[in-house]
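Listed here are the chains, written in short residue letters.
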Amino acid sequence: MQKNKSDTEVKEFLEQYFQDHPTEKTATLSKEVQLFRWRVVEACLYAGIPMEKIDHIRELLERGGTPLTESHNLKLMVPKIETFELERLRKEVKGQRVCVIYDGTTRLGECIAVLLRWCPAGFKKIEQRLVALRTTKTHMDGDELGALINTILGTTCHVQTVDVVCGARDSCSTNGKAMRNLEPHVHQHGGHLVHLAHALADCGEHVDLPVLNEWMTPWLGLVQNHPSARSIWKEKLGGAMKGYSTIRWCSREECSNEISKNFGILPAFVDTLLENEIGDKLPKKMKMILDHQSETLQLELACNLDLEPIISTCYTLEGDGLVILLARAKIDALLAFGDTVGDRADTLPNVAALLRKQTELKVGVKVYEYFADVTPPSYFKGTITSVAHGKVKVKYEDNTVIEQEEREVRQWMEVREMDEWKRLAAAAKGGITYLRNRLTGNLPAQQKNFDCTHMYEVLRVVQAFDPSWASQHLDANVTDALAVVKPLRNMTAALKRELPAYLVATAGVVIDHTEGKDDHTFTNQVLRWWESNGSKFPAWAEAAQIIFAFTPNSAAAERVFSMLKAMFGDQQMETLANIIQTALMLRINQRNVG
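The model shown is predicted, which means the values in this text are computed figures rather than measured ones.

A.B. asks: Requested: an account of the overall build of the protein chain, with residues and values cited.
C.D. replies: Of the regular secondary structure elements, the protein chain holds 27 helices and nine strands. With the C-alpha coordinates aligned to their principal axes, the bounding extent of the protein chain is approximately 100 × 70 × 45 Å. Burial statistics for the protein chain: of 594 residues in total, 49% are counted as buried. Long-range pairs, those at least 24 residues apart, make up 68% of the contacts in the protein chain between residues at least 6 apart in sequence. Accessible area for the protein chain stands at about 27700 Å²; split by element, carbon and sulfur atoms hold 50% of it. Both charge centroids of the protein chain, one from 70 positive and one from 77 negative side chains, sit 2 Å from each other.

See the structure below:
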């Protein structure tokens, strides 16, 4: 039914178009032929298939009896499909309270992606659309980018500035200035969110692991870029390898963690590179590190592996669901991790295990062992007093002496007093300290553009729209604090009037907070709750629609660039801009084609 309805809409669009352009070459063709050609071109755009390839399969496509034409004639359909898509977008966003998401990348000069996100009345789903992909010959400054986005919003999308409730971008100064230079109403009355996942990814740059950094430079330069090196590494792994991307944040750390988990095969891998003379000087550099700093490299890899919570949080916050409601709790969990990292061996478990493996068991080595059979169960400090024939004697602080197997003692070796533990714990704290400084504004003057204090407070109060959080924490003070969200400043009085009814409805509500790339349990449950209950408190429902348009990331724009690369690689670098934009809009906006 949906496809037939879409066919009718396309036919009506084409009929009107050719009435307005009666002299165009294909105006006299039947509606069915025009529709067929439209669908063929549309499908090729969606799949990223060059138009010229249609000529090679034309006979196959015409077997159904409907004639095509040469690809250069079919390309005339592209502007029509683009116009149709833009008209469809304008209908979808009309009257919606939207968040504008934007970012840029280098491609034929500069490439700018702009998307809109909103939550329609009824709370059925979160909608998100690519509305423009623009290429320019030179880099745009903040004023120029702001003017471009303003034109896209007003002229292309017909969005009223009063309906733009939020802007989402990374912390690049150009993007920040663009937001400030948008239509004054947007800047003064809309929210302004930086890409929080970028802040998390930047934590890695403040974890001081010098040997790992020295190792990763040749690794990324060779293994990720040399076909033979990639093939050998995949063979050693026995399967797929992690790919590296400058677009995907935390990608470097994922590659590092893969190395850590397969450290044992590194020597054979590097030897194979050298034997086959692959990579010139880079394998020699890696060989030198393995020969002289292997233990340190392995420890730093283990430290990076123990910081995996940063990576997992980063990817959770890059999602398209209602992660705006989860972000504060996720960030606070990381800060709590930073407060305790290094205090206990289990805060850096992989580092602790390696240190215990690498350290020689000898007289004087400290242990810190847990005894469950004492009252109360407690940890006891001890010192190794003898090692002989696989047996180890430990004298504990209460003067008890116990003889144990070596493997038993190793698991309780006290790592916290070891120099390498202290160094790596300090390195791990460095990354979390950087995050804390950004969230509290504790930054030097030249880095104030990275200040996330306002956003951190926004993330606290918007949890009020998670019914399970509201049932336990929401009160009049939090409701007043919602004024920190610019689009809600004039709504707090109405929200306070409806607060009792909202709290009654949220009492006892339990929401599963699971949210990931392919699991949107949290988002779906929250939306279903608001769908069922929102009509009881219209002010809160209106505010929820606004907040659900918010996103703490600009990852949607980055995914456009990833798809751009996948669909239009080096062989299609000169593809016309309207073909690129139309193809990506069809794909990103998940249109039914064909």
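So, next bit.
A.B. asks: Run through the side chain of Ser260, naming residues and quoting values.
C.D. replies: Along the chain, Ser260 turns up in helix H12 (residues 251-261). The exposure class assigned to Ser260 is buried, which follows from its relative accessible area of 17%. Apart from the residues lying within four places of it in its own chain, the contact partners of Ser260 are Leu301, Ala302 and Leu305.

A.B. asks: Which residues make up the layout of surface pockets, and what values go with them?
C.D. replies: In this model, the largest pocket occupies a volume close to 1300 Å³. Along the wall of the largest pocket there are 37 residues; nearest its centre are Glu318, Gly319, Asp320, Lys517 and Arg559. Of all elements in the fold, only strand E2 (110-118), strand E3 (127-136), helix H15 (308-317), helix H24 (521-533), helix H26 (555-567) and helix H27 (577-588) reach the threshold of two or more residues within the lining of the largest pocket. Of the residues forming the lining of the largest pocket, the biggest block, seven residues, is contributed by H26.

A.B. asks: Pulling in residues and values, what's your account of the pattern of salt bridges?
C.D. replies: Under the defined criterion, the tally for this structure stands at 32 salt bridges. Salt-bridge contacts for Arg39 lead to Asp7; the nearest nitrogen and oxygen are separated by 2.6 Å. Of the two residues, Arg39 sits in helix H2 (residues 31-47) while Asp7 sits in helix H1 (residues 2-20), which places them 32 residues apart along the sequence. The residue Glu15 makes a salt bridge to Lys31 at a minimum N-O spacing of 3.5 Å. Of this pair, Glu15 sits in helix H1 while Lys31 sits in helix H2, placing them 16 residues apart in sequence. The partly exposed category is assigned to Lys31, whose relative accessible area is 43%. In the salt-bridge network here, residues are joined through shared partners; they are Glu85, Arg88, Glu92, Glu127, Arg129 and Arg591.

A.B. asks: How would you sum up unusual backbone geometry? Please name residues and give values.
C.D. replies: In this model, Thr375 is joined to Pro376 through a cis peptide bond whose omega is -10°. Within the secondary structure, Pro376 sits in the loop between strand E6 (366-371) and strand E7 (378-388). At Phe123, a residue that is not glycine, the phi angle is positive and equals roughly 55°. With respect to the secondary-structure elements, Phe123 resides in the loop between E2 and E3.

A.B. asks: How would you summarise empty space enclosed by the protein if you had to cite specific residues and measurements?
C.D. replies: Summed over the entire model, instances satisfying the criterion amount to three cavities of 30 Å³ or more. In this structure, the largest cavity occupies an estimated 80 Å³ of space. Around the largest cavity, the lining residues are Leu200, Ala201, Gly204, Cys250, Glu253, Asn304, Leu307, Ile310 and Ile311. Looking at the lining of the largest cavity, the elements that each hand over two or more residues are helix H9 (196-203) and H15. Here the lining of the largest cavity is composed, by residue class, of six nonpolar, two polar and one charged. Lining the second largest cavity we find Glu24, Thr26, Arg37, Thr69, Asn73, Leu74, Leu76, Met77 and Lys80. Across the lining of the second largest cavity, the residue classes break down as three nonpolar, three polar and three charged.

A.B. asks: Could you give me a rundown of the sheet that holds strand E8 (residues 391-396), with the residues and numbers involved?
C.D. replies: Taken together, four strands build an open sheet; the order of strands is E6-E7-E8-E9 and the sheet is antiparallel. Edge positions in the sheet fall to E6 and strand E9 (401-405), since each has one partner strand and no second. Each strand axis lies, on average, 40° off the axis of its neighbour in the sheet, ignoring direction. Sheet analysis places E7 next to E8, joined by six bridges and oriented antiparallel. Directly across from Ile384, in E8, lies its bridge partner Val394.

A.B. asks: I'd like a description of helix H16 (residues 327-340), backed by residues and values.
C.D. replies: An ideal rise of 1.5 Å per residue puts 20 Å on 14 residues; H16 measures up with 21 Å between its terminal C-alpha atoms. When H16 is considered as a whole, its buried residues turn out to be Ala327, Arg328, Ile331, Leu334, Leu335, Phe337 and Gly338. In the core, the buried residues of H16 are packed alongside H9, helix H14 (282-306), H15, helix H19 (419-440) and helix H20 (453-461). Phi turns positive, to about 95°, at Gly342, one or two residues after H16.

A.B. asks: How would you sum up the pairing of E6? Please name residues and give values.
C.D. replies: Only one face of E6 is covered, namely the face carrying Val367, Glu369 and Phe371; the face carrying Lys366, Tyr368 and Tyr370 is uncovered. Note: E6 against E7, six bridges, orientation antiparallel. Across the sheet, Tyr370 pairs through a bridge with Tyr379, a residue of E7. Two successive antiparallel strands, E6 and E7, enclose a turn made up of six residues.

A.B. asks: Please set out the pairing of E9 residue by residue, giving values where relevant.
C.D. replies: Relative to E9, E8 runs antiparallel, the two being bridged by five bridges. Each residue of the ladder has a partner; that of Lys393, found in E9, is Glu403. The loop that links E8 with its antiparallel partner E9 comprises four residues; one of these, Asn399, has a positive phi angle of about 75°.

A.B. asks: Give me the lowdown on the nonpolar core, citing residues and values where you can.
C.D. replies: If you look at the biggest cluster of nonpolar residues, it comprises 187 residues, and the most contacted ones within it are Trp215, Trp219, Phe465, Trp530, Trp540 and Phe548. With residues up to four places along the chain from it excluded, the contact list for Trp219 reads Gln224, Trp233, Ile259, Leu266, Phe269 and Met286.

A.B. asks: Summarise the side chain of Arg591; cite the residues concerned and give the values.
C.D. replies: Position of Arg591 relative to the elements: it lies in the segment after H27. Owing to a relative accessible area of 9%, Arg591 belongs among the buried residues under this scheme. Of note is the side chain of Arg591, whose polar atom sits 2.9 Å from the side chain of Glu92. The contacts of Arg591, once residues within four sequence positions are left out, are Tyr46, Glu85, Arg88, Leu89, Glu92, Arg129 and Leu586.

Rules and cut-offs
Residues numbered from 1 in each chain as written. Predicted model: local features only at pLDDT ≥ 70, side-chain atom pairs only at ≥ 80, totals over all residues. Heavy atoms only, no water. Helix = DSSP H or I, 4+ residues; strand = E, 2+ residues; numbered from the N terminus. Buried < 20%, exposed > 50% of the residue type's maximum accessible area, 1.4 Å probe, protein only. Contact = heavy atoms within 4.5 Å. Areas by Shrake-Rupley, 256 points an atom, 1.4 Å probe, with all protein chains shown as cover. Lys, Arg positive; Asp, Glu negative; His and termini not counted. Charge placed at Lys NZ, Arg CZ, Asp CG, Glu CD. 1 Å grid on protein atoms, 1.4 Å probe; cavity = no way out; pocket = protein on both sides within 12 Å on 5 of 7 lines; lining within 4 Å. Points joined across faces, edges and corners; volume = space filled by probe spheres on them. Salt bridge = Lys/Arg side-chain N within 4 Å of Asp/Glu carboxyl O. Nonpolar A, V, L, I, M, F, W, Y, C, P; charged D, E, K, R; others polar. Pairing = 2+ DSSP bridges. Axes fitted to C-alpha atoms, helices over the stretch in contact; angles between N-to-C directions. Expected span 1.5 Å × (residues − 1). Core = buried A, V, L, I, M, F, W, Y, C linked by side-chain atoms within 4.5 Å. Polar contact = N/O pair within 3.5 Å; in protein donor to acceptor, adjacent residues only side chain to side chain.

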